[in-house]
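Structural description and commentary
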Amino acid sequence: MVLGRGGYKFQNWAQTYGSTPELYFQPTSAEEVKEILDLARQRSKRVKVVGGGHSPSDIACTDDFMIRMDKMNRVLKIDKDKKQVTVEAGILLTQVNEVLAQNGMALSNIGAVSEVAAAGVIGTGTHNTGITHGILATQVVALTMMSASGEILDCSESVNADIFQAARLHLGSLGVILTVTLQCKAAFHLQEIQLPSTLPEVLDNLDRHLNSSEYFRFFWFPHSDNVSVFYQDATDKPPCSKSSWLWDRFVGYYLLEFLLWISTFIPRLLPGINRFFFWLLFSGGNDRVDISYKVFNFDCLFKQHVQDWAIPIEKTKEAIQQLKSWLERNRQVVAHFPVEVRFAKGDEILLSPCYQRDSCYMNIIMYRPYGKDVPHQDYWSEYEKIMKRVGGRPHWAKAHTCTRKDFEKMYPAFGKFKTIREKLDPTGMFLNTYLEKVFY
Ligand SMILES: Cc1cc2nc3c(=O)[nH]c(=O)nc-3n(C[C@H](O)[C@H](O)[C@H](O)COP(=O)(O)OP(=O)(O)OC[C@H]3O[C@@H](n4cnc5c(N)ncnc54)[C@H](O)[C@@H]3O)c2cc1C
């Protein structure tokens, strides 16, 4: 019998959202997950499953029952011929990366962090960059899920195909994902070439940049034209790096946090801080080679607020220019660097922000130096207005103010997802406050 404990306090990575579930469970098997769902049904409780707890929103919060899947973290099968791996849903990508490397394989694309769970990372549509690559959930070829009734469903392109296209980006709203099968590829090294550039150059030559590198992205430094371009491509070269970890850590972490904290008292310093860090860290360029996942992952420094919308790729220039000129007209508003711009291929996943269209993701950030909240509401709301005007769809894990009416307009398959959801979870066992705003 799996026991839940009271008094557990859940907090997400950025410590921006939290909740105190009535009972907190760490099951070790599907049978134990079923026991929890049975108990929830008897007591009319809702259930929220949490993975790595990295979502910068209240998507994983609940006051009822919380299930953390960290004890369901085994690698179940490695198929070297098909280059596929089947894992329990609570496994962190850190562990997946290592097991794959030991077997000569790798994921073809991952986001900035690997301390996220296999089911959690797909659940919110986590993405990286590369216009020939979809969001991470497109690497899922099969999964198993326990619905609210306790039934275990196998899902893939050929079995329960409609549920599969919903469950690949499930929002934690369909059931408990138990296992995930991921399509991998042969292990590879990545060479990252970082080059300084300017916003007009990058926006005017976007197609050329996109075609020049498999994993192209760029950082724009608000309040300036400065841009840092990143090309990442597979290489046979051995790992090597010119930059010093100690120097990066000192400058990128301690000095930046201190200066951002100072700028909370004197905001007019911020444009100069953005320009200073561009000059210090990015103006000279860089070149490094490492194992793929070590290049995909990068240090996200300290706690932060973020928004990240996917817009039609052809709207990239228009959207960034609108944000830039609004910041120029409203000099009292300050914006931290970087605005990170990434790209992803369109897909058929019902609630994917890239559903049926190639997309540009534009991630804005406001750090919380030493945990201090920095005013960002004006910046946030203007950014949202621009994203909506150009037909954007918000990242499900990150901050946004959208509700059902918005999603109905944004997602052609929203109604289909909702029907599937209501069939799998007729009593709303897997809902929470975040999901009520999405579906009701
Ligand atoms: C430092 C940092 C860097 C990031 N970088 C990126 C990035 O590069 N690209 C990007 O797109 N996003 C990024 N994110 C966002 C992050 O990838 C997503 O929030 C992701 O969903 C986190 O995974 P998790 O395992 O922590 O999920 P959680 O936050 O724990 O959960 C996410 C959702 O999945 C559900 N869930 C989890 N496990 C299960 C399960 N077994 N069954 C059913 N539902 C489940 C939860 O209920 C919730 O709805 C970043 C976040 C941080 C904090």
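Computed from a predicted model, the values in this text were never measured in an experiment. (Residues numbered from 1 in each chain as written. Predicted model: local features only at pLDDT ≥ 70, side-chain atom pairs only at ≥ 80, totals over all residues. Heavy atoms only, no water.)

Looking at the overall build of the chain
- Helix and strand counts for the chain stand at 14 helices and 21 strands.
- In summary, the chain has a C-alpha radius of gyration of 21 Å against a globular reference of 22 Å for 440 residues, a match within 12%.
- Expressed as a percentage of the 440 residues in the chain, the buried residues total 59%.
- Within the chain, contacts between residues at least 6 apart in sequence are counted, and of these 71% link residues at least 24 apart.
- With 50 positive and 48 negative side-chain charges, the chain shows a separation of 3 Å between the mean positions of the two kinds. (Helix = DSSP H or I, 4+ residues; strand = E, 2+ residues; numbered from the N terminus. Rg over C-alpha atoms; globule rule 2.2 N^0.38 Å. Buried < 20%, exposed > 50% of the residue type's maximum accessible area, 1.4 Å probe, protein only. Contact = heavy atoms within 4.5 Å. Lys, Arg positive; Asp, Glu negative; His and termini not counted. Charge placed at Lys NZ, Arg CZ, Asp CG, Glu CD.)

Brief notes about the domain arrangement of the chain
- Along its sequence, the chain is organised into domain 1 (10-68), domain 2 (75-186) and domain 3 (189-394).
- Counting residues at the interface gives 31 residues for domain 2, matched by 27 residues for domain 3.
- The largest share of the area that domain 2 buries against domain 3 comes from His127, Thr129 and Ile131, three residues that together contribute 29% of it.
- Inspection of the region where domain 2 meets domain 3 yields zero salt bridges.
- One can count 14 residue pairs in polar contact (both at pLDDT 80 or more) joining domain 2 with domain 3.
- Those elements that place two or more of their residues in the side of domain 2 that touches domain 3 are α2 (93-102) and α4 (161-167).
- When grouped by side-chain class, the residues that make up the side of domain 2 that touches domain 3 number twelve nonpolar, 15 polar and four charged. (Domains from an automatic or database assignment. Buried area = accessible area lost by both parts, 1.4 Å probe. Salt bridge = Lys/Arg side-chain N within 4 Å of Asp/Glu carboxyl O. Polar contact = N/O pair within 3.5 Å; in protein donor to acceptor, adjacent residues only side chain to side chain. Nonpolar A, V, L, I, M, F, W, Y, C, P; charged D, E, K, R; others polar.)

Section: the nonpolar core
- By size, the foremost hydrophobic cluster in this structure holds 122 residues, and its most contacted members are Phe218, Phe343 and Tyr379.
- Per element, the largest residue contribution to this core is six residues, and it comes from helix α1 (residues 30-43).
- If we skip the residues at most four places from it in the chain, Tyr379 touches Pro222, Leu323, Trp326, Leu327, Val333, Val334, Ala335, Val339, Ile364, Ile365 and Met366.
- Residues Phe230, Val251, Phe278 and Leu301 belong to the second largest nonpolar core, which totals 19 residues. (Core = buried A, V, L, I, M, F, W, Y, C linked by side-chain atoms within 4.5 Å.)

With respect to the site of the ligand
- Around the ligand, a shell composed of 35 residues is seen, among which Val49, Gly52, Ser55, Thr124 and His395 lie nearest.
- Backbone polar atom of Gly52 to an oxygen atom of the ligand: 2.7 Å apart, as the coordinates give it.
- Within the contact set of the ligand, an oxygen atom lies 2.7 Å away from a backbone nitrogen or oxygen of His54.
- Out of a free accessible area of 970 Å², the ligand has 97% covered by protein chains.
- Taken together, the residues that form the shell around the ligand break down as 18 nonpolar, 14 polar and three charged.
- Composition of the shell around the ligand by domain shows at least three residues from each of domain 1 (10-68) and domain 2 (75-186). (Near = heavy atom within 4 Å. Areas by Shrake-Rupley, 256 points an atom, 1.4 Å probe, with all protein chains shown as cover.)

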